[in-house]
Amino acid sequence: MGRHPLLPVRVPSRRLGAFAVLAASALAVGAAAAMPVGARETGRSETPVASGSPVTEVSESVVRVKVPLPESAGPHPRACDWLSYLRFRHKDGPADSAKADRILIAQPGILEGAGAFDSVARNTVAAAARSGRHIEFWALDRRSNCLEDRTGVRAGLEAEDVHLAVDYYYRQKEVDGRRFAGYQTNDQVKWLQNVGLEQTVRDQYDLMVRELPDQRTRKRKTLCGGHSLGGVLTAYFAEWDFDGNPSTTDDAGYNQCSGYFALDTRIEKGLPGMGGEVPADWIPLIEFGAGAVRAGLETGIIPRALSAPAVVNTETMNLLAIAGLAANLDPGGESDLPAYIPSGFNQDMTYRLLFSKDYPTFLKGSPKIQDFRFTNAAALGGLLDDHSQPLAFIQASVGFWDGGRIVDKEFPAPNNLEELGLGGLTRLLGKEKKAIPDEPNGPLYTWRNYDRVGAPDDPVHESRDGTPFTSAGKEVTDLAELARSLSEHPLDFTEHYFPTRMVTDIALASSPGIADDAVHEGGITANPTINLEAGDGLGFSDPQPGDIIAPGYQHLDVLTASAVQNNGEPEPISTNLAAFAAG
């Protein structure tokens, strides 16, 4: 029998050291005041991060470097004058990054933070060490992550109590004398309208120069890349001229890197999976050009942070961390979060979108999520698994439902898209058939982890057409590791305030004043590239010669997949990335 959800849980002792570190290093609005004393004088801090990861030979630290925004950015929190990244290195490797054999520097995708790279970073560093090479992996956070308040998640992790996190964000419960100030409004983040493509690539350059002052070292030892949108940003970085003089090339982006890596993306300009276009109805005024967009951002007509009423907004991004925390602390315990978190539009719409089996259920709002019993692990699986989550760019293959009757989920789209001639929608919704529990007020639904799919006790849930919803070869990510990645890091897995300006700049990059410094047109081809693609990810319909394709992987799996797969083989993305770095 699972622990009652209101009773305290115990956390493995190896995690306990992480709590004090996380408490000291949590990012929050105004967090500059909490910087280590010496950091204000040196403009740099590095704090070890203890971790519950099973990849114990890899050390992690959070690094913050003071690189102030220009005055033209406008008023902004002091914390946003610091750039941050998670540094992963082998415990036996050199303490000085410049002495590492290689350094991989990764840009996150849309709505992603540095914590999302946790598993692929650790697995890659460990794989390289097995071949005798000590490499580092730097997972970057963007400026906008400085607006996030991790206090509640950190406090819940430290106290082993997810309710403390909920109380902080929803009931004004104080933590260390601090109260949650609320999610930032469009007016409060006005400065984000000035944080677009140019600022982002320059932030990466400035960070690299500060951390590795010798240009020859940067050119020889660093590999630049990223996941999803990170590949696009790397392409612009490669072509950018950073000193304003195109005739001098030591500062050119391509001369800061010895190669490029693409994680379910391409090192090319234009938004991935969209042919470089942004649908006009996504962002008001974009069809009228750069001038209209600038005016829209200035007046606030265009939201300064990308947001939607359900699934994609600041509150629901934070809910993922809370759900991850619950699954991290007590995966088998019965979840009470849908009842304990106060009702609100964003979470209620998210629940209805993710947990409605068809349109009638969605429209009448019954049965609702509170009518079902889930373990904490099943609740998290329902939020992010590729058989539940409707948006392909935030899907992972973490196992499958268990514990009761499972049926086809036909909302927001039917499972037979191909038969209906709507196969193109799979780029948006993913290829896997969606499934959902169908016994309200019934059994406790559990989660069958990725490595238990296909086991002798697997009931093999089938779709209405008689085919299994999934198989062992389709499941690649350990839900426990995903939960840890969502809740453990001082730099978040998600990005709550993704600047809309980033997307509009890329879509309108040919307009004057946006990418004027991307002048080194041969920058993308100046260095070798490795393309590491998810077999069922956003680029699944467009494989290229030489791509490394991981079968069964979804878009997030290239970051989160377990070090050992169901076939007993090492994880292919990190293994091939380590070999590329060692070459």
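Residues numbered from 1 in each chain as written. Predicted model: local features only at pLDDT ≥ 70, side-chain atom pairs only at ≥ 80, totals over all residues. Heavy atoms only, no water.

Trainee: Just checking my understanding: could you explain the sheet that holds strand β9 (residues 399-402) for this structure?
Mentor: Within a sheet, neighbouring strands are paired by backbone hydrogen bonds and run either parallel or antiparallel to one another. The 3 strands are arranged β8-β12-β9 in an open sheet whose pairing can be described as mixed. Each of the sheet's edge strands pairs with one partner strand only, and the pair in question is β8 (373-374) and β9. Sheet analysis places β9 next to strand β12 (residues 444-449), joined by 4 bridges and oriented antiparallel. Bridged to Trp401 within β12 is Trp447. (Pairing = 2+ DSSP bridges. Helix = DSSP H or I, 4+ residues; strand = E, 2+ residues; numbered from the N terminus.)

Trainee: Looking at this structure, how should I read the layout of surface pockets?
Mentor: Picture a little ball the size of a water molecule; that probe, rolled over the atoms, points out where space is still empty. Within this model, the second largest pocket holds a volume of roughly 430 Å³. Looking at the second largest pocket, it is lined by 25 residues, and the ones nearest its centre are Asn415, Asn416, Leu417, Lys431 and Lys433. The residue makeup of the lining of the second largest pocket, split by class, is 9 nonpolar, 6 polar and 10 charged. (1 Å grid on protein atoms, 1.4 Å probe; cavity = no way out; pocket = protein on both sides within 12 Å on 5 of 7 lines; lining within 4 Å. Points joined across faces, edges and corners; volume = space filled by probe spheres on them. Nonpolar A, V, L, I, M, F, W, Y, C, P; charged D, E, K, R; others polar.)

Trainee: Looking at this structure, how should I read the confidence of the model for the protein?
Mentor: Interpretation of this model should avoid reading the predicted coordinates in detail wherever pLDDT is low. Looking at the protein, the pLDDT average stands at 90 and 91% of residues meet or exceed 70. Here residues 1-34 scores under 50 on pLDDT; set against residues more than four positions off or in separate chains, the count is 81 contacts. (pLDDT = per-residue confidence, 0-100. Contact = heavy atoms within 4.5 Å.)

Trainee: Looking at this structure, I do not really get the pattern of salt bridges. What am I missing?
Mentor: Opposite charge on two side chains makes pairing possible when the charged atoms of those side chains draw close. Under the defined criterion, the tally for this structure stands at 35 salt bridges. Of the charged contacts, one joins Arg122 and Glu60 as a salt bridge, the two residues approaching to 2.5 Å between their closest N and O atoms. With Arg122 in helix α3 (residues 118-130) and Glu60 in strand β2 (residues 58-66), the pair connects residues that are 62 residues apart, well separated along the chain. Just as Arg122 is buried, Glu60 falls in that class too. The partner of Arg484 in a salt bridge is Asp118, and the shortest N-O contact between them spans 2.5 Å. (Salt bridge = Lys/Arg side-chain N within 4 Å of Asp/Glu carboxyl O. Buried < 20%, exposed > 50% of the residue type's maximum accessible area, 1.4 Å probe, protein only.)

Trainee: Any chance you could explain the side chain of Asp438 here in plain terms?
Mentor: With respect to the helices and strands, the residue Asp438 is situated in the loop between β11 (435-437) and β12. Since its relative accessible area comes to 16%, Asp438 is described here as buried. If sequence neighbours within four positions are ignored, Asp438 has contacts with Lys357, Phe372, Arg405, Val407 and Tyr445.

Trainee: Looking at this model, I keep getting lost on the sheet that holds strand β1 (residues 44-48). Mind explaining?
Mentor: Strand order in the open sheet made by the 9 strands is β1-β2-β3-β5-β4-β6-β7-β13-β14, with mixed pairing throughout. Since the sheet does not close on itself, it has two edges, and those belong to β1 and β14 (548-550), each with one partner. Neighbour-to-neighbour, the strand axes of the sheet open up by a mean angle of 20 degrees, direction not taken into account. Here strand β4 (residues 102-107) pairs with strand β6 (residues 222-227) via 5 bridges, running parallel. If you follow Leu104 over to β6, its bridge partner there is Leu223. Contacting β1, β2, β3 (82-90), β4, β5 (135-140) and β6, helix α6 (residues 197-211) runs over the sheet at an angle of about 110 degrees to β2. Taken strand by strand, helix α8 (residues 229-239) contacts β4, β6 and β7 (259-263), and its axis lies near 140 degrees from that of β6. (Axes fitted to C-alpha atoms, helices over the stretch in contact; angles between N-to-C directions.)

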